[in-house]
Amino acid sequence: MPTIKRIDHIAIVVDDIPSALTFWRDALGLELAHVEDVPDQESIVAFLPTGESEIELVKPTTDTSGVAKFLQKRGAGMHHICLEVDDIDAMLAHLKEKGVQLIHETAIHGSGGKKIAFIHPKSTSGVLVELYELPTPAP
Ligand code: ZN
């Protein structure tokens, strides 16, 4: 049975990273680890570690991506939570068997060898859920 290990990150869509940082960094006191342009996701992402997990502030850089449409439709807010799983392929097969609606029926490859997949909010009480498997470290 595949196992969820922890919350990897919570992604929040923002229309402006510097103004979002006035709360998340300046008021709350989180450290801004780095800001990264992620052309694949048509976004700029600010990473703020919180122990074993991270807050990601995501600002779309185009008008057409999923996050851009989310922002246009609903305004800034929580976009998804990401759970780290030890075996994403086994978990997707398991969820499919349980009748869970998946956005990705098989894992797609993210940056740095990660495998990721999204679960449809219809099956999760309205929250977009990302699953994430880290590459196994070389022996
Ligand atoms: Zn994510």
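Above this text sits the structure in question.
Everything numeric here is computed off the predicted structure, so don't read it as measured data.

## Regarding the overall build of the protein
Phase 1: Scanning the protein for helices and strands turns up three helices and eight strands.
Phase 2: Walking the protein from its N terminus toward its C terminus, one meets helices and strands in the order β-α-β-β-β-α-β-α-β-β-β.
Phase 3: Here the C-alpha atoms of the protein give a radius of gyration of 15 Å, agreeing with the 14 Å that 2.2 N^0.38 yields for 139 residues.
Phase 4: Across its three principal directions, the C-alpha atoms of the protein cover 45 × 40 × 25 Å.
Phase 5: The burial tally for the protein puts 40% of its 139 residues in the buried class.
Phase 6: Counting contacts in the protein only where the partners sit at least 6 residues apart, residues at least 24 apart contribute 51% of the total.

## Focus on the sheet that holds strand 7 (residues 115–119)
Phase 1: Ordered in space as 2-3-4-1-5-8-7-6, the eight strands form an open sheet in which the pairing is mixed. Both edges of this open sheet fall to strand 2 (34–38) and strand 6 (108–109), since each of them pairs with a single strand only.
Phase 2: The sheet contact formed by strand 2 and strand 3 (residues 43–50) spans five bridges and is antiparallel. When the sheet's bridge partners are listed, V35 is paired in strand 3 with A46.
Phase 3: Here helix 1 (residues 17–27) sits on the sheet in contact with strand 1 (4–13), strand 3 and strand 4 (53–60), set at roughly 160 degrees to strand 4.

## Looking at the side chain of K115
Phase 1: Within the element layout of this structure, K115 appears in strand 7.
Phase 2: There is a polar contact of 2.7 Å between the side chain of K115 and the side chain of D89.
Phase 3: What K115 contacts, discounting residues up to four positions off in sequence, is I88, D89, A107, I108, H109, L131, Y132 and E133.

## Description of the coordination of the zinc ion
Phase 1: The coordination sphere of the zinc ion, as far as protein atoms go, consists of H9 (NE2), H80 (NE2) and E130 (OE), spread over 1.9 to 2.1 Å.
Phase 2: Sequence positions of the donors to the zinc ion reduce to the motif H-x70-H-x49-E. Remark: E130 occurs in strand 8 (residues 128–133) and H80 occurs in strand 5 (residues 77–85); sequence separation between them is 50 residues. Just as H80 is buried, E130 falls in that class too.

Calculation notes
Residues numbered from 1 in each chain as written. Predicted model: local features only at pLDDT ≥ 70, side-chain atom pairs only at ≥ 80, totals over all residues. Heavy atoms only, no water. Helix = DSSP H or I, 4+ residues; strand = E, 2+ residues; numbered from the N terminus. Rg over C-alpha atoms; globule rule 2.2 N^0.38 Å. Buried < 20%, exposed > 50% of the residue type's maximum accessible area, 1.4 Å probe, protein only. Contact = heavy atoms within 4.5 Å. Pairing = 2+ DSSP bridges. Axes fitted to C-alpha atoms, helices over the stretch in contact; angles between N-to-C directions. Polar contact = N/O pair within 3.5 Å; in protein donor to acceptor, adjacent residues only side chain to side chain. Donors = N, O, S within 2.8 Å, 3.2 Å for Na, K, Ca; no water.

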